[in-house]
Amino acid sequence: MKHFNALMASAAIAVTGMAGAAQANDFRLGLITPPPHVWTLAAEDFGAALNEASGGEHTVTVFPAQQLGNEADMLQQLQSGALDMAFMTVAEVSNRATDFGAFYQPFLADDMAHAAAILRSDEARAMLDQLPGTLGVVGIGFGSAGMRQILTNGDVTDAAGLSGQKIRITPFEANLDFYNALGAAPTPMPLPAVFDALANGQVDGIDMDAELIVLQSYHEHADTMLRTNHMMFPMVGVVSARVWAGLSEEDRALITEHMSAALDGVLDTYVERDDVWQEEIRAFDVTYIDAGRDFFGDAVAEWEAIWEERAPEALETLRGVADATRQ
Ligand code: BEZ
């Protein structure tokens, strides 16, 4: 822990310190999503834009599908400077920077357009200032992966039907709290392991977004789609603080401009496409149920009580932003 703190402190100092001299770079950007996923395509677009804007000086090699390890592994590599950049789930960030768990308040956002407005707010962006000190990375901006849904098997017409069901979740505390409150048996599992786990019956159902249900054909191994929109699922574009410290002001500005544009494009894509993917799922051979906040009974209030203790200020801030941006 001592070593970790020293590393974070030096990373934070490095971020605020003098910029380095301009030099050509081949940046490495890691993510866990598969090649055709919106995040991966956006990372490639960012690389192409940076290459062009730098007159060919900088290139970005994108490593999708967990090629560099899971997000915890990538975070370590970012901290040491072995990895330059990543598009990372805020879920992983929230395991180390608790305030970020507040984004997962169930039904904080009404839909993807509302989620995008929250993520574009000054208050949400200000939370990125914590990252050099807590994680050793510079947060450039937020993206997202749509709203969370539940795809499962069995006769699940209300929350009681989920009781005891093994539901795959992304591994992070805020999600674990929600499924525990529901009385389900949450099964944390990284994205690349999901297909096999659902196909071979290791889990009964999955917590997932509409894009990936369509892209990975998860519905072929489930019979019930609960369209819940119960949580937003933010992503953050980050640069290693150690790498950032060695970049010139000009290169920092170029990276910020083009990565921000790519992340903004990710938000736009989900705002446009989230409902379109839902319509595709509705046409699949599954029972499709529209379920809102009431479906979850007391679980939402239970989650809120836990997180009002754990991250009270961040929760209050994001609730204020959600109210101010609600259409
Ligand atoms: C997931 O863990 O479900 C997930 C991770 C990254 C992008 C989208 C979904």
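Just so it is clear, the structure is predicted and the values come from calculations on it, not from any experiment.

1. Re the packing of helix H8 (residues 173-182) against helix H13 (residues 299-310)
Step number 1: It is the contact of H8 with H13, at a shortest axis distance of 8 Å, that shows an interaxial angle of 140°. Taken as axis vectors, H8 and H13 run oblique relative to one another. With respect to the hand of their crossing, H8 and H13 are arranged in right-handed fashion. Across the interface between the two elements, Glu-173, Ala-174, Asp-177, Phe-178, Ala-181 and Leu-182 of H8 pack against Ala-299, Val-300, Glu-302, Trp-303, Ile-306, Trp-307 and Arg-310 of H13.
Step number 2: When its residues are assigned to classes, the contact of H8 with H13 shows nine nonpolar, no polar and four charged.

2. A few points about the confidence of the model for the protein
Step number 1: Averaged over all residues, the pLDDT of the protein equals 94, while 94% of them reach at least 70.
Step number 2: When the criterion is pLDDT under 50, residues 1-7 qualifies, and its contacts beyond four places in sequence or with other chains add up to four contacts.
Step number 3: Across residues 9-13, confidence stays below pLDDT 50; counting only partners more than four residues off in sequence or on other chains, it has six contacts.

3. Notes on the packing of aromatic side chains
Step number 1: Using the criterion set out here, one finds eleven aromatic pairs in the structure.
Step number 2: Here the guanidinium or amino end of Arg-148 rests over the ring plane of Phe-233, the centre of that ring lying 4.1 Å away.
Step number 3: Positioned above the aromatic ring of Trp-307, the side-chain terminus of Arg-310 is 4.8 Å from the ring centre.

4. Here we look at the environment of Pro-188
Step number 1: Relative to the assigned elements, Pro-188 resides in strand E6 (residues 185-188).
Step number 2: The class for Pro-188 is partly exposed, based on a relative accessible area of 45%.
Step number 3: With residues near it in sequence (within four places) discarded, Pro-188 still touches Ile-169, Pro-171 and Leu-176.

5. Brief notes about the site of the ligand
Step number 1: Near the ligand there are 13 residues, and of these Arg-148, Arg-168, Thr-170, Asp-209 and Leu-212 occur at the shortest range.
Step number 2: The separation between an oxygen atom of the ligand and a polar side-chain atom of Arg-168 is 2.8 Å.
Step number 3: Protein contact buries 99% of the 260 Å² of open area that the ligand shows by itself.
Step number 4: Elements that contribute at least two residues to the shell around the ligand include exactly strand E4 (137-152) and strand E7 (205-209).
Step number 5: Its residues placed into classes, the shell around the ligand shows seven nonpolar, three polar and three charged.
Step number 6: Two domains each provide a minimum of three residues to the shell around the ligand, namely domain 1 (2-98 + 105-144 + 233-273) and domain 2 (148-228 + 285-315).

6. Concerning the domain arrangement of the protein
Step number 1: Here the protein is described as being made up of domain 1 (2-98 + 105-144 + 233-273) and domain 2 (148-228 + 285-315).
Step number 2: Each of domain 1 and domain 2 was reduced to a C-alpha centroid, and the two centroids are 27 Å apart.
Step number 3: Between domain 1 and domain 2, the residue contacts involve 17 residues of the former and 25 residues of the latter.
Step number 4: On the surface where domain 1 and domain 2 come into contact, there are zero salt bridges.
Step number 5: Of the residues that constitute the side of domain 1 that touches domain 2, the class distribution is ten nonpolar, seven polar and no charged.

7. Section: the side chain of His-58
Step number 1: By the secondary structure assignment, His-58 is in strand E2 (residues 58-63).
Step number 2: There is a polar contact of 2.9 Å between the side chain of His-58 and the side chain of Asp-251.
Step number 3: With near-sequence residues (within four places) excluded, His-58 lies in contact with Gln-23, Ala-24, Asn-25, Phe-27, Leu-50, Asn-51 and Asp-251.

8. Observations concerning the pattern of salt bridges
Step number 1: Under the defined criterion, the tally for this structure stands at 14 salt bridges.
Step number 2: With its nearest N and O atoms 3.4 Å apart, the salt bridge here joins Arg-282 to Glu-279. Of this pair, Arg-282 and Glu-279 are both found in helix H12 (residues 249-282), three residues apart, which corresponds to roughly one turn of the helix.
Step number 3: Its relative accessible area of 37% is what places Arg-282 among the partly exposed residues.
Step number 4: Note that Arg-319 and Glu-308 form a salt bridge whose closest N and O atoms lie 2.9 Å from each other. Within this pair, whereas Arg-319 is found in helix H14 (residues 312-325), its partner Glu-308 is found in helix H13, the two being separated by eleven residues in sequence.

9. A look at unusual backbone geometry
Step number 1: Of note in the backbone geometry, Gln-66 takes a positive phi value of approximately 65° without being a glycine.
Step number 2: Within the secondary structure, Gln-66 sits in the loop between E2 and helix H3 (71-80).
Step number 3: With phi around 55°, Ser-217 is a residue other than glycine that occupies positive phi space.
Step number 4: Inspection of the secondary structure assignment puts Ser-217 in the loop between helix H10 (210-215) and strand E8 (224-227).
Step number 5: On the basis of relative accessibility, which here comes to 21%, the residue Ser-217 falls in the partly exposed class.

10. Details of H13
Step number 1: Helix length check: H13 (twelve residues) gives 17 Å between terminal C-alpha atoms against 16 Å at 1.5 Å per residue, within 8%.
Step number 2: Every buried residue of H13 is accounted for by Ala-299, Val-300, Trp-303, Glu-304 and Trp-307. For H13, the angular spread of buried residues about the axis comes to 135°, placing them on one side.
Step number 3: In this structure, the buried side of H13 is in contact with H8 and H14.

Analysis parameters
Residues numbered from 1 in each chain as written. Predicted model: local features only at pLDDT ≥ 70, side-chain atom pairs only at ≥ 80, totals over all residues. Heavy atoms only, no water. Axes fitted to C-alpha atoms, helices over the stretch in contact; angles between N-to-C directions. Helix = DSSP H or I, 4+ residues; strand = E, 2+ residues; numbered from the N terminus. Parallel < 35°, antiparallel > 145°, perpendicular 65-115°, else oblique. Left-handed = near helix turned anticlockwise from the far one by under 90°. Contact = heavy atoms within 4.5 Å. Nonpolar A, V, L, I, M, F, W, Y, C, P; charged D, E, K, R; others polar. pLDDT = per-residue confidence, 0-100. Phe/Tyr/Trp six-rings, centres within 6.5 Å; stacked < 30°, edge-to-face > 60°. Lys NZ or Arg CZ within 6 Å of the ring centre and 35° of its normal. Buried < 20%, exposed > 50% of the residue type's maximum accessible area, 1.4 Å probe, protein only. Near = heavy atom within 4 Å. Polar contact = N/O pair within 3.5 Å; in protein donor to acceptor, adjacent residues only side chain to side chain. Areas by Shrake-Rupley, 256 points an atom, 1.4 Å probe, with all protein chains shown as cover. Domains from an automatic or database assignment. Salt bridge = Lys/Arg side-chain N within 4 Å of Asp/Glu carboxyl O. Expected span 1.5 Å × (residues − 1). Arc of directions from axis to C-beta.

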